[in-house]
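Here is how the chains run, residue by residue.
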Amino acid sequence: MPSVGSSLKPVKRMPAPKTLPRIAATDFIRDLDISQDELLALLDLTHQLKANPGRFATALAGRYITLLFEKPSLRTRFTFELAIKQLGGDAVLAVGPIADREPLKDVARNFDRWTNAIVARTFSQQTIDDLAHWSSVPVINALSDRFHPCQALADVFTLQERFGDVRGLKLAFVGDGNNVAHSLMLASLRLGMSFSLATPVGYEPDAEIVAQAEALAAVAGGQLVITNNAREAVDGAQAVYTDVWASMGQEHEKEKRLADFAPYQVNAGLFQHAAPEAIFLHCLPAKRGEEVHDDVIESSQSAVFDQAENRLHVQKALLLMLLG
Ligand code: CP
Ligand code: NVA
């Protein structure tokens, strides 16, 4: 089985903290809810937790966390449940429509009384914003139509593991300017990486998020490129990322999207334009033969299962910094 684990570069880290670093905000529902320093502290803590999985095994003892999923999930659901349990807490799962029997503001205020945090995957970002508004406990975005901030944490952590200092690296995203692209753009530019996104015409990322990303790039020194040319985006990149062409909730657009995105498949022909040491990233689930070809996702340069594993470690750090 191909693995990138053996070639991980050591990263110089801060000594283990005596007290846990904290996130000042109550919620993590957008990537920018945590500060630059908090992001760096979270990544440092993640390295320590991954090296010492038994640390903080009772930090969440007596805490119960609501896991709310309006949409399907494998990785997010399992890694949050495991993260909570490995920290000594427990999770209560709710699957399906959140507010079909009563207003969301009432649902939120019930969870607020019963549990110590809410992890929510919803169709609309507005639903997560409303949950945060109507509850006093921390709310974590486990994927909405606009953001996937926990995924982006795992992705930049995976890049740190692989490359050490990520400043100056070029990350290319080829495909839809979607939730995953939005979060990754913000997280990577913030860390001083350059981010090139290639989408078909009409599938560009949200203009407001691009403006935020440009401001981050100006501070951190990276470059943001939005193009319709996949080859230009991938050229010389140290990492090439893609995601499904039709996200959950967009299934009815699938036929049109298959046609529009066809020239944007990440296959060996496109990947060869990346840097020789480049890795392939995908949040998963992947649709082979659509956004990615087996010759890339199954290659020795694929780091997709490192990303999936790292969801667990970054979410442990996130829970500790919000609740510990
Ligand atoms: N990457 C990710 O969020 O996977 P799931 O949809 O399986 O949770
Ligand atoms: N963009 C995808 C990501 C799934 C993890 C979706 O929203 O369905």
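Residues numbered from 1 in each chain as written. Chains lettered and ligands numbered in written order. Predicted model: local features only at pLDDT ≥ 70, side-chain atom pairs only at ≥ 80, totals over all residues. Heavy atoms only, no water.

> Give a detailed account of the sheet that holds strand S2 (residues 90-95), specifying residues and quantitative values.
The four strands are arranged S2-S1-S3-S4 in an open sheet whose pairing can be described as parallel. Taken across any chain shown, the strands that pair with only one partner, and hence form the sheet edges, are S2 and strand S4 (139-141). Looking at each pair of strands side by side, their axes are set apart by 20° on average, direction ignored. Sheet topology note: the strand S1 (residues 64-69)/strand S3 (residues 117-121) ladder contains five bridges and is parallel. For Leu68, the partnering residue across the bridge sits in S3 and is Ala120. Lying on the sheet, helix H2 (residues 75-86) is in contact with S1, S2, S3 and S4; it crosses S1 at an angle near 180°. (Pairing = 2+ DSSP bridges. Helix = DSSP H or I, 4+ residues; strand = E, 2+ residues; numbered from the N terminus. Axes fitted to C-alpha atoms, helices over the stretch in contact; angles between N-to-C directions. Contact = heavy atoms within 4.5 Å.)

> How would you summarise the site of ligand 1 if you had to cite specific residues and measurements?
Around ligand 1, the structure places Ser73, Leu74, Arg75, Thr76, Arg121, His148, Gln151, Cys283, Leu284 and Arg311. At a separation of 2.8 Å, an oxygen atom of ligand 1 approaches a polar side-chain atom of Arg121. The side chain of Gln151 places a nitrogen or oxygen atom 3.0 Å from a nitrogen atom of ligand 1. When ligand 1 sits alone it has 260 Å² of accessible area, and the protein chains cover 95% of it. Partitioned by chemical class, the residues of the shell around ligand 1 number three nonpolar, four polar and three charged. (Near = heavy atom within 4 Å. Polar contact = N/O pair within 3.5 Å; in protein donor to acceptor, adjacent residues only side chain to side chain. Areas by Shrake-Rupley, 256 points an atom, 1.4 Å probe, with all protein chains shown as cover. Nonpolar A, V, L, I, M, F, W, Y, C, P; charged D, E, K, R; others polar.)

> Describe in detail the site of ligand 2, supporting the description with residues and values.
As a structural note, the neighbourhood of ligand 2 is formed by Leu143, Asn178, Asn179, Val180, Asp243, Val244, Ser247, Met248 and Leu284. Take Asn179: an N or O atom from its side chain is 2.8 Å from an oxygen atom of ligand 2. At a separation of 2.6 Å, a nitrogen atom of ligand 2 approaches a polar side-chain atom of Asp243. In terms of residue class, the shell around ligand 2 is made up of five nonpolar, three polar and one charged.

> I'd like a description of a nonpolar patch on the surface, backed by residues and values.
A cluster of nonpolar side chains, contributed by Leu74, Phe78 and Leu82, occupies part of the molecular surface with about 300 Å² of accessible area. By the element assignment, Leu82 lies in helix H2. (Patch = residues over 30% accessible without salt bridge, like charges linked within 9 Å, V, L, I, M, F, W, Y side chains within 5 Å. Salt bridge = Lys/Arg side-chain N within 4 Å of Asp/Glu carboxyl O.)

> So what's going on with unusual backbone geometry? Residues and values would help.
Here the amide bond leading from Leu284 into Pro285 is cis, since omega sits at 5°, within 30 degrees of zero. For Pro285, the position within the fold is in the loop between strand S9 (279-282) and helix H11 (294-297). Non-glycine residue Phe56 carries a positive phi angle of around 60°. With respect to the element layout, Phe56 can be found in the loop between helix H1 (36-51) and S1. Note on Phe56: relative accessible area 22%, which makes it partly exposed. The phi torsion at Leu143 lies on the positive side, around 120°, for a residue other than glycine. Classification of Leu143 as buried rests on a relative accessible area of 5%. (Buried < 20%, exposed > 50% of the residue type's maximum accessible area, 1.4 Å probe, protein only.)

> Any details on the packing of aromatic side chains? Residues and values, ideally.
Across all of its chains, the model carries four aromatic pairs by this definition. For the ring pair Phe111 and Trp114, a centre distance of 6.2 Å and an interplane angle of 80° mean the geometry is edge-to-face. One end of the pair is Phe111 and the other is Trp114, both in helix H3 (residues 104-114) and three residues apart, which spans about a single turn. Taken together, a centroid distance of 4.6 Å and an interplanar angle of 55° make the contact between Tyr203 and Phe261 tilted. (Phe/Tyr/Trp six-rings, centres within 6.5 Å; stacked < 30°, edge-to-face > 60°.)

> Lay out the environment of Lys71 in plain terms, naming residues and giving numbers.
Among the structural elements, Lys71 can be located in the loop between S1 and H2. Residue classification places Lys71 among the buried residues on the basis of a relative accessible area of 5%. C-alpha separation for the pair Lys71 and Asn229, spaced 158 residues apart in sequence, amounts to 32 Å. In this structure Lys71 touches Arg121, Thr122, Phe123, Leu143, Ser144, Asp145 and Met248, once residues within four positions along its chain are discounted.

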